[in-house]
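If you want the building blocks of each chain, they are given just below.
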Amino acid sequence: MNEKIIDGKKVSLESKELLKKKVAKLKEKLKLVVVSVGDNPASKVYVKQKEKMALEVGYDFWNLHFDTITNKELVKEIEKLNQDTKVTGIIVQLPLPDNLDKNLILNTVSPLKDVDGLTNINLLKLVKNEDSLLPCTPHGVMKLLEYYKVDLIGKRIVIVGRSELVGLSLFHLLLHKNATVTLCHSKTKDLKSYTSEADILIVAVGKKDLITKDMVKKDSIIIDVGINRVDGKLYGDVASDAIESASLMTPVPGGVGPMTVISLMENVYKAWELQNDQKD
Ligand code: NAP
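Nothing here was measured: the structure is a model prediction, and the numbers come from that model.

Describe the overall build of the chain, listing the residues and the values that go with them.
Of the regular secondary structure elements, the chain holds 9 helices and 10 strands. Scaling as 2.2 N^0.38, a compact globule of 280 residues should have a C-alpha radius of gyration of about 19 Å, and the chain matches this with 19 Å. Split into buried and exposed, the 280 residues of the chain put 49% on the buried side. For the chain, long-range pairs separated by at least 24 residues make up 70% of all intrachain contacts whose partners lie at least 6 apart in sequence. Summing over all exposed atoms, the chain offers an accessible surface of approximately 14,600 Å²; the carbon and sulfur share of this is 52%. The centroid of the 41 positive side-chain charges in the chain is displaced by 2 Å from the centroid of its 38 negative side-chain charges.

Encoded structure:
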């Protein structure tokens, strides 16, 4: 393995083994429920992946699926899951069909069961640096940086992409670690002038080869969150030869992706802890 590669697969496997041990010690069985609507083929694959990992870790798993449903009916279904003491974590599989109000549906999930970390309450807690269920991909990126002992204090970090799911949440998490963070997006002028100054560059856009070798600083650390499927093969947002300039870089696949799934499983355990803290 190239010593410059940040091996997300290895880190996620180690995290999984640790989590399995913790879960095996519990007296009760934790349960993850994925709520899905419609027939999006990619969603079906993602739900299966979550099921496989949940069962491996030792959780119960249930895919509550609806071919079609109204906002009102779905809100009721999620409220039932919120009340069900046997349900530890709830995910609403995205994207939802157009007839459904994503914001309303996501925010119906109890913040204590919101293992995707996407409710407004959990996002606000993240901004305020309060203990909460974090969105899985940003959490996974933070774990990778920690595992590789990347010093963040005072570092110049550039994030490309500002979605709540990834870039915006990472912006706050890294700021809390005392990095100096710049958030770039589709309207940023002269992207290269930012990326080429970054000690740590994080890219979460969804455009193959958006970042080329000449756009990165020598000896920088590159975290490529992007996933682009071209002719059945997966690519990130950063051209693969950028690793020649970097000191460390995540591959795609095998970098951030595996960390996202394990972070979700860790969130189920954390949700259980938070729910128990509330009972005290
Ligand atoms: P998203 O919601 O579509 O956001 C994309 C962001 O990229 C937006 O902020 C957009 O700017 C910005 N952008 C678009 N074109 C740009 C350009 N030419 N230059 C600079 N910024 C540009 O996507 P997302 O959900 O954050 O996901 C981003 C990528 O990460 C996707 O490839 C997705 O598949 C991948 N992803 C991977 C994982 C994983 O586990 N590895 C998890 C989640 C997502 P505006 O805000 O101005 O439109």
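Just give me the short version of the domain arrangement of the chain, but keep the residues and values in it.
Assigned domains of the chain: these are domain 1 (27-110) and domain 2 (136-257). If you average the C-alpha positions of domain 1 and of domain 2, the two centres end up 29 Å apart.

Describe the site of the ligand, and please don't skip the residues or the numbers.
As a structural note, the neighbourhood of the ligand is formed by 20 residues, with Arg-162, Ser-163, Ser-186, Lys-207 and Thr-260 the closest of them. Interatomic distance of 3.0 Å between a backbone N/O atom of Ile-227 and an oxygen atom of the ligand. The side chain of Thr-260 places a nitrogen or oxygen atom 2.7 Å from an oxygen atom of the ligand. Residues that form the shell around the ligand fall into these classes: 9 nonpolar, 9 polar and 2 charged.

Break down empty space enclosed by the protein for me, citing the residues and quoting the values.
Within the structure shown, the criterion is met by 1 cavity of 30 Å³ or more. The computed volume of the largest cavity comes to approximately 40 Å³. Taken together, Ile-90, Val-92, Leu-106, Val-109, Asp-114, Asp-116 and Leu-118 make up the lining of the largest cavity. Residue classes in the lining of the largest cavity are distributed as 5 nonpolar, no polar and 2 charged.

Hey, could you go over the layout of surface pockets for me, with residue numbers and the actual values?
Empty space within the largest pocket amounts to approximately 1,500 Å³. Tyr-46, Gln-49, Ile-227, Gly-257 and Thr-260 are, among the 44 residues lining the largest pocket, the residues nearest its centre. Taken together, the elements giving at least two residues each to the lining of the largest pocket come down to helix H1 (8-24), helix H2 (41-57), strand E3 (89-92), helix H6 (136-147) and helix H9 (256-279). Looking at which element gives the most residues to the lining of the largest pocket, the answer is H2, with 8 residues. Grouping the amino acids of the lining of the largest pocket by side-chain chemistry returns 25 nonpolar, 11 polar and 8 charged. Here the lining of the largest pocket gathers at least three residues from each of two domains, domain 1 (27-110) and domain 2 (136-257). Here the second largest pocket is characterised by a volume of approximately 450 Å³. Around the second largest pocket, the lining is made up of 19 residues, and of these Leu-134, Met-142, Glu-146, Leu-173 and Lys-177 lie nearest the centre. Those elements that place two or more of their residues in the lining of the second largest pocket are H6 and helix H7 (167-176).

Tell me about the sheet that holds strand E1 (residues 31-37), and name the residues and values.
Here 3 strands make up an open sheet; going across it, the order is E2-E1-E3 and the pairing parallel. Only two strands of the sheet have a single neighbouring strand rather than two, namely strand E2 (60-66) and E3. Along the sheet, successive strands turn relative to each other by an average axial angle of 15 degrees, direction set aside. In this structure, E1 lies alongside E3, joined through 4 bridges in parallel fashion. Bridged to Leu-32 within E3 is Gly-89. Most of the contacts of H2 go to E2, to which it runs at about 160 degrees, and overall it touches E1, E2 and E3. The strands touched by helix H3 (residues 71-83) are E1, E2 and E3; relative to E2, the strand with the most contacts, the crossing angle is about 165 degrees.

A description of the nonpolar core should follow, citing residues and the corresponding values.
Formed by 52 residues in total, the largest nonpolar core has its most connected members in Tyr-59, Ile-157, Leu-174, Ile-202, Ile-223 and Met-265. It is H9 that contributes the most residues to this core, 10 residues altogether. Of the domains in this structure, domain 1 (27-110) and domain 2 (136-257) are the two that each give at least three residues to this core. The residues contacting Met-265, other than those within four sequence positions of it, are Leu-19, Leu-32, Lys-50, Met-53, Ala-54, Val-57 and Tyr-59. One finds Val-37, Leu-64, Ile-69 and Val-75 within the second-largest nonpolar core, a separate group that totals 19 residues.

What counts as what
The numbers attached to residues start from 1 for each chain and follow its sequence in the written order. Since the coordinates come from a predicted model, pLDDT governs what is reported: local features require at least 70, and pairs of side-chain atoms require 80 or more to be given and counted, while whole-chain, interface and lining totals use all residues. Side-chain descriptors were evaluated using all non-hydrogen atoms of the structure, hydrogens and water having been removed beforehand. In DSSP terms, a helix is any run of H or I states spanning at least four residues, a strand is any run of E spanning at least two, and both are numbered starting from the N terminus. Taken over C-alpha atoms, the radius of gyration is set against a globule rule of 2.2 Å times the number of residues to the power 0.38. Only protein chains enter the area calculation, which uses a 1.4 Å probe; residues under 20% of their type maximum are buried, those over 50% are exposed, and those in between are partly exposed. Note on definitions: a residue-residue contact is assigned when non-hydrogen atoms from the two residues lie within 4.5 Å. Under the convention used here, a 1.4 Å probe and the Shrake-Rupley method define accessible areas, while residue burial counts only the protein chains that appear. By the counting rule applied here, Lys and Arg register as positive and Asp and Glu as negative, while His and the ends of each chain are not counted. To locate a charge, take atom NZ for lysine, CZ for arginine, CG for aspartate or CD for glutamate. How far each domain reaches was decided by an automatic or database domain assignment. Being near a molecule or strand, for a residue, comes down to having at least one heavy atom within 4 Å of it. Two N or O atoms count as a polar contact when they lie within 3.5 Å, although within protein this holds only if one can serve as hydrogen donor and the other as acceptor, and sequence-adjacent residues are included solely when both atoms are side-chain atoms. Lys, Arg, Asp and Glu make up the charged group, whereas Ala, Val, Leu, Ile, Met, Phe, Trp, Tyr, Cys and Pro make up the nonpolar group; the residues left over, Gly among them, are polar. In this analysis a 1.4 Å probe is tested at points of a 1 Å grid over the protein atoms alone, and where it fits but cannot get out there is a cavity; an open set with protein on both sides within 12 Å along at least five of seven lines is a pocket; lining residues have an atom within 4 Å of a point. Grid points are joined across faces, edges and corners, and a volume is the space filled by probe spheres set on the points. Strand pairing requires that DSSP identify at least two bridges connecting the strands. To obtain an axis, a line is fitted to C-alpha atoms, over the contacting stretch when the element is a helix, and the angle between two such axes runs from 0 to 180 degrees between their N-to-C directions. We define the nonpolar core as a collection of buried residues of types Ala, Val, Leu, Ile, Met, Phe, Trp, Tyr and Cys that are connected through side-chain atoms lying within 4.5 Å of one another.

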